[in-house]
Amino acid sequence: MNCKKYIFTIEQNDITIEHFIKRYHFDEKDRELLLATGRFLSELNTVEAWIAYNDNGVVCTATLGDKYDRMLDVVAESQHLLLAYSMECFAMEFLSKTYEKMNETVFQETGKWMGEYHFLGDEDFHDIEKHLQEFSDNGLSEHALSWKNGMLHPLKSVIFTAEYKEKREDSGCHKCELCENVTCSFRQVVQKPPRRKNKVE
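Going along each chain's sequence as written, the residues are numbered from 1 onward. Under the rules for a predicted model, residues below a pLDDT of 70 receive no local features and side-chain atom pairs below 80 are neither given nor counted, while totals for whole chains, interfaces and linings still include all residues. Hydrogen atoms and water are omitted, and side-chain values are computed over all heavy atoms in the structure.

## Quick look at the side chain of T63
For step 1, the next point in the chain: Secondary structure elements are taken from DSSP: a helix is a run of H or I of four residues or more, a strand is a run of E of two residues or more, and numbering for both begins at the N terminus. Position of T63 relative to the elements: it lies in strand 3 (residues 57-63).
For step 2, the next point in the chain: Only protein chains enter the accessibility calculation, which uses a 1.4 Å probe; a residue is then buried when its area is under 20% of its type maximum, exposed when over 50%, and partly exposed in between. We classify T63 as buried; its relative accessible area is 2%.
For step 3, the next point in the chain: Definition of a polar contact: a pair of N or O atoms within 3.5 Å, with one able to donate and the other able to accept a hydrogen when the atoms are protein atoms, and with sequence-neighbouring residues admitted only if both atoms are side-chain atoms. Only 2.6 Å separates the side chain of T63 from the side chain of S157, close enough to count as a polar contact.
For step 4, the next point in the chain: Apart from the residues lying within four places of it in its own chain, the contact partners of T63 are T46, V47, E48, W50, L145, P154, K156 and S157. In what follows, a contact means two residues having at least one pair of non-hydrogen atoms within 4.5 Å.

Below, the structure is given as structure tokens:
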């Protein structure tokens, strides 16, 4: 097993505000708050990730860190519910964008793509503890994730596995491009140009 640590930066322009508003059911009047919140969080935070490369696939972790949890706690305690909700949503977006960056990284390292992501949860706690121990055993003493009371800590963290795929179209980050539901808020809608009518001579 070969373990490596990565730091990913998610820029504000990586997140399209129009799709963000639609996806998380904000009102248009919330746009300025969302723009300011997204700018602040993207400038302040990075995503720490670790990838363990095995013969048949990878084990991946990613976290926004304790700082994000502490900021969210302060906002929630202030009873600013809209801001707290927006921070929860931005956390999901930051992690989602990180999966794409991790997939690109795996390809750069191995020449293969990650297939479907298998996120580990409560029922997989034995596997989670095993994987976290493997990261620790492979020299990543600064690894910040832990499993406590049925949850990963920091709270805005994920752990998942994926098998290698030879083709990008089989990778976990390529599903939206293949989906025919172009009105789904979870993809960027690409408008096809209208067909030209055949000119009648």
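## Here's the deal with the environment of S136
For step 1, the next point in the chain: With respect to the helices, strands and loops of the structure, S136 is situated in helix 5 (residues 125-137).
For step 2, the next point in the chain: The partly exposed category is assigned to S136, whose relative accessible area is 39%.
For step 3, the next point in the chain: It is 9.6 Å that separates the C-alpha atoms of S136 and C3, two residues lying 133 residues apart in sequence.

## As for helix 3 (residues 65-77)
An α-helical turn contains 3.6 residues, so any two residues separated by three or four positions project in the same direction.
For step 1, the next point in the chain: Given the number of residues in a helix, its expected span is that number minus one, multiplied by 1.5 Å. Between the first and last C-alpha of helix 3 there are 19 Å, a value that for 13 residues agrees with the 18 Å anticipated at 1.5 Å per step.
For step 2, the next point in the chain: What helix 3 keeps buried is the set G65, Y68, D69, M71, L72 and V75. An end-on view of helix 3 places all buried positions within 165° of arc, on one side of the element. Opposite the packed face of helix 3, turned more than 90 degrees from it, sit the exposed residues R70, V74 and E77.
For step 3, the next point in the chain: Positive backbone phi, at 70°, marks Q79, one or two positions downstream of helix 3. The arc in question is formed by the directions pointing from the helix axis toward the C-beta atoms.

## A look at the packing of aromatic side chains
For step 1, the next point in the chain: The rule is short: rings of Phe, Tyr and Trp, with Trp giving its six-membered ring, pair when the centres are within 6.5 Å, and they are stacked under 30 degrees, edge-to-face over 60, tilted in between. Under the defined criterion, the tally for this structure stands at 13 aromatic pairs.
For step 2, the next point in the chain: When the ring of F119 is compared with that of F160, the centres are 5.1 Å apart and the planes differ by 45°; the resulting orientation is tilted. Residue F119 is located in strand 5 (residues 118-119), and its partner F160 is located in strand 8 (residues 157-165); the two are separated by 41 residues in the primary sequence.
For step 3, the next point in the chain: Clustering of aromatic rings is evident, with ring pairs tying together F20, Y24, F26, Y85, F90 and F94.

## Quick notes on the pattern of salt bridges
For step 1, the next point in the chain: For this analysis, a salt bridge means a side-chain nitrogen from Lys or Arg found within 4 Å of a carboxyl oxygen belonging to Asp or Glu. This model, assessed by the stated rule, comprises nine salt bridges.
For step 2, the next point in the chain: Residue E88 is joined to K156 by a salt bridge in which the shortest nitrogen-to-oxygen separation is 3.3 Å. In this pair, E88 sits in helix 4 (residues 81-110) while K156 sits in the loop between strand 7 (151-153) and strand 8, placing the two residues 68 residues apart along the sequence.
For step 3, the next point in the chain: A relative accessible area of 33% places E88 in the partly exposed class.
For step 4, the next point in the chain: Through salt bridges with shared partners, a single ionic network connects E18, E28 and R31.

## Topic: the confidence of the model for the protein
Interpreting fine coordinate detail is not advised for predicted regions of low pLDDT.
For step 1, the next point in the chain: Per-residue pLDDT for the protein averages 84, and the proportion of residues at 70 or more is 82%.
For step 2, the next point in the chain: As a per-residue quantity, pLDDT reports the predictor's confidence and falls between 0 and 100. Under a pLDDT of 50 for its full length, residues 181-201 has, in the predicted model, 16 contacts with residues more than four places off or in other chains.

## Overview of the packing of helix 2 (residues 31-44) against helix 3
For step 1, the next point in the chain: To get an axis, fit a line to the C-alpha atoms, keeping to the stretch in contact for a helix; angles then go from 0 to 180 degrees between the N-to-C directions. Remark: helix 2 packs on helix 3, axes separated minimally by 11 Å, with the N-to-C direction vectors making an angle of 150°. When the interaxial angle is binned, helix 2 and helix 3 end up roughly antiparallel. Of the two elements, helix 2 crosses helix 3, and the hand of that crossing is right-handed. Of the residues in helix 3, those in contact with F40, L41 and L44 of helix 2 are K67, Y68 and M71.
For step 2, the next point in the chain: Considered class by class, the residues forming the contact of helix 2 with helix 3 number five nonpolar, no polar and one charged. Angular relationships are summarised with four words: roughly parallel below 35 degrees, roughly antiparallel beyond 145, roughly perpendicular across 65 to 115, and oblique for the angles in between. Put simply, a crossing is left-handed when the front helix is turned counterclockwise from the back one by less than a right angle, and right-handed when it is turned clockwise. Under the grouping applied here, Gly and all other residues not named as nonpolar or charged are polar, the nonpolar ones being Ala, Val, Leu, Ile, Met, Phe, Trp, Tyr, Cys and Pro and the charged ones Asp, Glu, Lys and Arg.

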